Amino acid sequence: HILLAPGSTTGALHIAKILREKSHQNITISTFSTLPYAARAVKRGEVEVYLKVKTLYFSSFPVKEMENEIRLVRDLFPGIRPMSCVLEVDLNNGNPITHPAPTLLNCARIENDKGNFLFYRDGISKSVAKINEKLDQERLKICQKFGFAEIPATKRLFEMGYIDKVYKTLYEAYIKSEAFKNIKAPSNLFDRYIEEDVAYGLVTMVSIGKMVKVITPTMELIVNLANLINEKNYWETGLTMEKLGLSHLNKEEFLKFLKEGRSNKVNW
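Everything numeric in this text was worked out from a predicted model, so none of it was measured.

J.: How do you make sense of the layout of surface pockets when you look at a structure like this?
T.: One simple way to see leftover space: roll a probe sized like a water molecule over the atoms. Volume-wise, the largest pocket comes out at about 350 Å³. As for the largest pocket, its lining consists of 23 residues, of which Thr-34, Leu-35, Asn-95, His-99 and Tyr-162 are closest to the centre. Those elements that provide at least two residues to the lining of the largest pocket are strand E3 (37–43), helix H4 (95–98), helix H8 (153–160) and helix H10 (192–195). Sorting elements by how many residues they give to the lining of the largest pocket places E3 first, with four residues. Each residue belonging to the lining of the largest pocket can be placed in one class, and the counts come to twelve nonpolar, seven polar and four charged.

J.: Is there a simple way to think about the pairing of E3 in this case?
T.: When a strand is regular, its side chains alternate between the sheet's two faces. Here E3 pairs with strand E4 (residues 46–52) via six bridges, running antiparallel. The residue bridging Ala-38 from the neighbouring strand is Leu-51, located in E4. Where E3 hands over to E4, the hairpin turn is made up of two residues, of which Gly-45 adopts a positive phi near 80°.

J.: Would you mind showing me how to read the side chain of Asn-92 here?
T.: With respect to the element layout, Asn-92 can be found in the loop between helix H3 (86–90) and H4. Within polar-contact distance, the side chain of Asn-92 engages the side chain of Arg-139 at 3.3 Å. Here Asn-92 is in contact with Ser-33, Tyr-57, Met-83, Arg-139, Ile-151 and Arg-156, once residues within four sequence places are set aside.

J.: Looking at this structure, how should I read the nonpolar core?
T.: In globular proteins that are soluble, nonpolar side chains generally tend to be buried together. Among the nonpolar cores identified, the biggest contains 81 residues, and Leu-13, Leu-87, Leu-91, Phe-146, Tyr-162, Leu-246 and Phe-254 are the most heavily contacted of them. Per element, the largest residue contribution to this core is eight residues, and it comes from helix H11 (residues 198–211). Once you skip the residues sitting within four places of it in the chain, Tyr-162 turns out to touch Thr-34, Tyr-37, Ala-38, Leu-51, Val-53, Leu-157, Ser-177, Glu-178, Ala-179 and Phe-180.

J.: Sorry if this is basic, but what is going on with the packing of helix H7 (residues 126–146) against H11 here?
T.: Packed helices, taken two at a time, are described by the angle their axes make and the gap between the axes. Interhelical geometry of H7 versus H11 gives an angle of 40° and a closest axis separation of 10 Å. On the basis of their axis angle, the class for H7 and H11 is oblique. When the axes of H7 and H11 are compared, the crossing they make is left-handed. On H11, the residues that touch Leu-135, Arg-139, Ile-142 and Phe-146 of H7 are Leu-202, Met-205, Ile-208 and Gly-209. Classifying every residue of the contact of H7 with H11 by side-chain character gives six nonpolar, one polar and one charged.

J.: Sorry, what's going on with the packing of aromatic side chains here?
T.: Applying the stated criterion across every chain, the model contains 13 aromatic pairs. A centroid spacing of 5.3 Å and a plane angle of 55° characterise the contact between Phe-61 and Phe-257, whose relative ring orientation is tilted. Separated by 196 residues along the polypeptide, Phe-61 in strand E5 (residues 56–61) and Phe-257 in helix H14 (residues 251–260) bring together distant segments of the chain. You'll find Phe-61 and Phe-257 in the same group, each marked buried. Seen from their ring centres, Tyr-174 and Phe-180 are 6.3 Å apart, and the 55° between their planes marks the pair as tilted.

J.: Would you mind going over the environment of Glu-236 with me for this structure?
T.: Looking at the secondary structure, you find Glu-236 in helix H13 (residues 234–237). As a C-alpha pair, Glu-236 and Asp-90 span 146 residues in sequence and 21 Å in three-dimensional space.

Cut-offs applied
Residues numbered from 1 in each chain as written. Predicted model: local features only at pLDDT ≥ 70, side-chain atom pairs only at ≥ 80, totals over all residues. Heavy atoms only, no water. 1 Å grid on protein atoms, 1.4 Å probe; cavity = no way out; pocket = protein on both sides within 12 Å on 5 of 7 lines; lining within 4 Å. Points joined across faces, edges and corners; volume = space filled by probe spheres on them. Helix = DSSP H or I, 4+ residues; strand = E, 2+ residues; numbered from the N terminus. Nonpolar A, V, L, I, M, F, W, Y, C, P; charged D, E, K, R; others polar. Pairing = 2+ DSSP bridges. Polar contact = N/O pair within 3.5 Å; in protein donor to acceptor, adjacent residues only side chain to side chain. Contact = heavy atoms within 4.5 Å. Core = buried A, V, L, I, M, F, W, Y, C linked by side-chain atoms within 4.5 Å. Buried < 20%, exposed > 50% of the residue type's maximum accessible area, 1.4 Å probe, protein only. Axes fitted to C-alpha atoms, helices over the stretch in contact; angles between N-to-C directions. Parallel < 35°, antiparallel > 145°, perpendicular 65-115°, else oblique. Left-handed = near helix turned anticlockwise from the far one by under 90°. Phe/Tyr/Trp six-rings, centres within 6.5 Å; stacked < 30°, edge-to-face > 60°.

Shown next as structure tokens:
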């Protein structure tokens, strides 16, 4: 039994594929959409915890094993909220929507000051937050195509405990969040806010969108900006449905595979 806390975007499928290719065939992998806490290392040997997350979206691959997995972990994580499958959990991974655009748009400040400023309080303005809202709208369109719950980022942040109410805009949510207020910016542009949340977040969401014919121009714009600034090709290095061997499935075949864990159309 493996629990990813969190599993990023399709992390459960990525690990399942690798393990099966190594002849580990009967392992169930479960995932959260986020960390069960908001915390940062303050100094060596000291961690500051800003928030214990109230609601943890949860599912298992395959879905048919989920009820048993919940019984194993509910005492540790009472805030578990089951979702229909790991893909629905993955599409509620907030990091790709939250982190990359403000990081890239603050690139001069990060390079010059080594991230010595507050990421949310100082690094996000109304204009920057508008880009995150566009990213979130594209994410919600993908959720809609799969028939998943459409949970805007503001509502998700409230359910998890990051904000005290559902604010009208993401800018208000970021600025008024007590959990976010002390979080500093990354010290460089190869931080996980880009290396993980672009390559294993936005790239993956764009790939999922293509499966159900959802266009994602804002997501693609941010990936291309990251490519330009970091002089890398995240389209090539990132995680896609092609790399998972799933891009040829239609929506119904994909969802059935997530439920059963096997398909004669998937070679792992």
